[in-house]
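# Residue-level structure breakdown
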Amino acid sequence: MKQITSVQNPYIKSLVLLQEKAKARKQTGTFLIEGKREIELALKGNFEMETLLFYPEICFENTARKLAPNAELIEINKEVFQKLAYRDTTEGLIGIAKSKSFQLSDLKLSKNPLILVAEAPEKPGNIGALLRTADAANLDAVIIANPKGDLFNPNIVRSSVGCLFTNQIATGTTSEIIAFLKEKNIAIFCATLQNSNSYHLEDYSVPTALVVGTEATGLTQEWRDAATKNILIPMQGEIDSMNVSVAAAILLFEAKRQRNFL
């Protein structure tokens with residue numbers, strides 16, 4: 001079995017590039033995953049694990065081998081592990097997995113789907129939180145409109161706590177996604193301040209897409225024009241917006257309540 005004990009090793013340097021550069025992830029079609037739970041969820045989500053690096057003082061070889069028997073196994077030392085790991089609580093495991101494409105055409109929807117659409121989210125922490133909320137609500141899909149970066153950014157993988165792998169995800173332009181939703185006869189409810197009804201007055205028992213924008217700029221006019229209904233969460237304080245993942249959670253769980261799935 002291969003062992004690597006130097007942070008100057010060319011392969012380790014290439015993994016650092018995978019962490020830091022979207023271009024490297026795109027060119028190689030691979031990305032890094034830290035932690036046993038996240039790796040397990042990726043495998044459950046049918047992501048192919050090319051390589052597993054393990055630090056034997058934290059993770060036994062047989063544990064790593066059982067986790068992904070088809071992956072190449074590489075033993076690393078403390079210095080290499082600390083170079084690659086963002087967290088101390090990753091159980092001594094780092095995986096290198098193959099990326100997937102997030103095509104709208106690949107989504108498999110139920111007869112009465114509930115979908116979250118987020119337009120142009122930028123902060124990895126917000127994207128991770130949206131994915132965790134979607135997992136908690138057991139949505140049919142999460143669709144990212146006009147993504148600002150690749151979803152395999154290690155900060156998104158980490159902040160989603162593996163929910164990047166538990167959700168059906170697709171990306172596309174706003175126009176492509178609106179056309180997709182209309183073709184599937186899915187009602188579009190856009191969270192926006194303009195020409196809106198209070199969110200709890202609408203009916204989400206039909207095939208539904210709940211659409212949220214960024215806190216800074218909100219949704220574009222294209223979404224507002226395409227909406228079946230525009231909705232808002234009444235605010236009782238001094239500000240007129242809240243964190244996008246919090247807003248999404250309020251809307252999604254109202255839809256779940258109406259569908260009697262709680």
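The structure this text deals with has already been given above.
In this text, all values refer to a predicted model and were calculated from it rather than measured experimentally.

What follows is about helix H10 (residues 244–258). The end-to-end C-alpha separation of H10 is 21 Å, in line with the 21 Å expected for 15 residues at 1.5 Å each. Taken together, the buried positions of H10 are Val 244, Ser 245, Ala 247, Ala 248, Leu 251, Leu 252, Glu 254, Ala 255, Lys 256 and Gln 258. Each element contacted by the buried residues of H10 is listed here: strand S6 (114–119), helix H6 (124–137), strand S9 (187–191), strand S11 (208–212) and strand S12 (229–232). Taken from the residues just after H10, Asn 260 is the one with a positive phi, measuring 60°.

Enumeration over the complete set of coordinates arrives at eight aromatic pairs. Here the aromatic rings of Phe 102 and Phe 152 are separated by 5.4 Å at their centres, their planes lie at 25°, and the arrangement is stacked. Taken together, the residues Phe 102 in the loop between strand S5 (93–98) and S6 and Phe 152 in the loop between strand S7 (141–145) and helix H7 (154–159) connect sequence positions 50 residues apart. Given a relative accessible area of 13%, Phe 102 falls into the buried group. What makes Phe 152 buried here is its relative accessible area of 6%. Of the aromatic side chains, those joined through ring pairs into one cluster are Phe 31, Phe 47, Phe 102, Phe 152 and Phe 165. When the ring centre of Tyr 11 is taken as reference, the NZ or CZ atom of Lys 2 above it lies at 5.5 Å. A cation sits over an aromatic face here: Arg 158 above Tyr 86, 3.8 Å from the ring centre.

Where burial is concerned, most of strand S3 (residues 49–54) is hidden: five out of the six residues are buried. Both S3 and S5 contribute to a ladder of five bridges, which runs antiparallel. Residue Phe 54 lies in a different strand from S5, and its bridge partner there is Leu 93. In the sheet, S3 pairs with strand S4 (residues 72–76) via four bridges, with the strands oriented parallel. Its bridge partner lying in S4, Leu 52 is registered against Leu 73. With helix H4 (residues 61–67) bridging S3 and the parallel S4, this β-α-β connection has right-handed handedness.

We now examine the sheet that holds strand S10 (residues 197–198). Strand order in the open sheet formed by seven strands is S8-S7-S6-S11-S9-S12-S10, and the pairing between neighbours is parallel. The sheet terminates laterally at strand S8 (169–172) and S10, the two strands that pair on one side only. Here S6 runs beside S7; their pairing, made up of five bridges, is parallel. Residue pairing across strands places Ile 115 opposite Ala 141, the latter belonging to S7. Packing against the sheet, H10 makes contact with S6, S9, S11 and S12, and its axis sits at approximately 160° to S11.

Ranked by internal contacts, the top residues of the largest apolar core, which has 50 residues, are Ile 33, Met 49, Leu 52 and Leu 210. Sorting elements by how many residues they give to this core places H10 first, with six residues. For Met 49, the contacting residues outside a window of four places in its chain are Ile 33, Ile 39, Ala 42, Leu 43, Ala 68, Ala 71, Gly 95, Ile 96 and Ala 97. Core analysis: the second largest hydrophobic core is formed by 21 residues, Leu 104, Val 117, Leu 181 and Val 211 among them.

Turning next to the side chain of Ser 245. Among the structural elements, Ser 245 can be located in helix H10. Among the polar contacts made by the side chain of Ser 245, one reaches the side chain of Asn 243 at a distance of 2.4 Å.

Right, let's get into the pattern of salt bridges. All told, the structure shown has six salt bridges when counted by the stated rule. Of the charged contacts in the structure, one is a salt bridge between Glu 61 and Arg 65, with a shortest N-O distance of 2.8 Å. Placement of both Glu 61 and Arg 65 in helix H4 is noted, with a separation of four residues, approximately one turn of the helix. With a shortest N-O distance of 2.8 Å, Glu 254 and Arg 257 are connected by a salt bridge. Separated by three residues within a single helix, Glu 254 and Arg 257 lie in helix H10, roughly one turn from each other. You can call Glu 254 buried: its relative accessible area is 9%.

On to H6. The terminal C-alpha atoms of H6 lie 20 Å apart, and with 14 residues this matches the ideal 20 Å at 1.5 Å per residue to within 8%. Those residues of H6 not exposed but buried are Asn 126, Ile 127, Gly 128, Leu 130, Leu 131, Thr 133, Ala 134 and Ala 137. Buried positions along H6 lie against S6, S7, H7, S8 and H10. Asn 138 occupies a position one or two residues after H6 and carries a positive phi of about 55°.

Rules used in this analysis
- Residues numbered from 1 in each chain as written.
- Predicted model: local features only at pLDDT ≥ 70, side-chain atom pairs only at ≥ 80, totals over all residues.
- Heavy atoms only, no water.
- Helix = DSSP H or I, 4+ residues; strand = E, 2+ residues; numbered from the N terminus.
- Expected span 1.5 Å × (residues − 1).
- Buried < 20%, exposed > 50% of the residue type's maximum accessible area, 1.4 Å probe, protein only.
- Contact = heavy atoms within 4.5 Å.
- Phe/Tyr/Trp six-rings, centres within 6.5 Å; stacked < 30°, edge-to-face > 60°.
- Lys NZ or Arg CZ within 6 Å of the ring centre and 35° of its normal.
- Pairing = 2+ DSSP bridges.
- Right-handed = clockwise from strand over helix to strand, strands pointing away.
- Axes fitted to C-alpha atoms, helices over the stretch in contact; angles between N-to-C directions.
- Core = buried A, V, L, I, M, F, W, Y, C linked by side-chain atoms within 4.5 Å.
- Polar contact = N/O pair within 3.5 Å; in protein donor to acceptor, adjacent residues only side chain to side chain.
- Salt bridge = Lys/Arg side-chain N within 4 Å of Asp/Glu carboxyl O.

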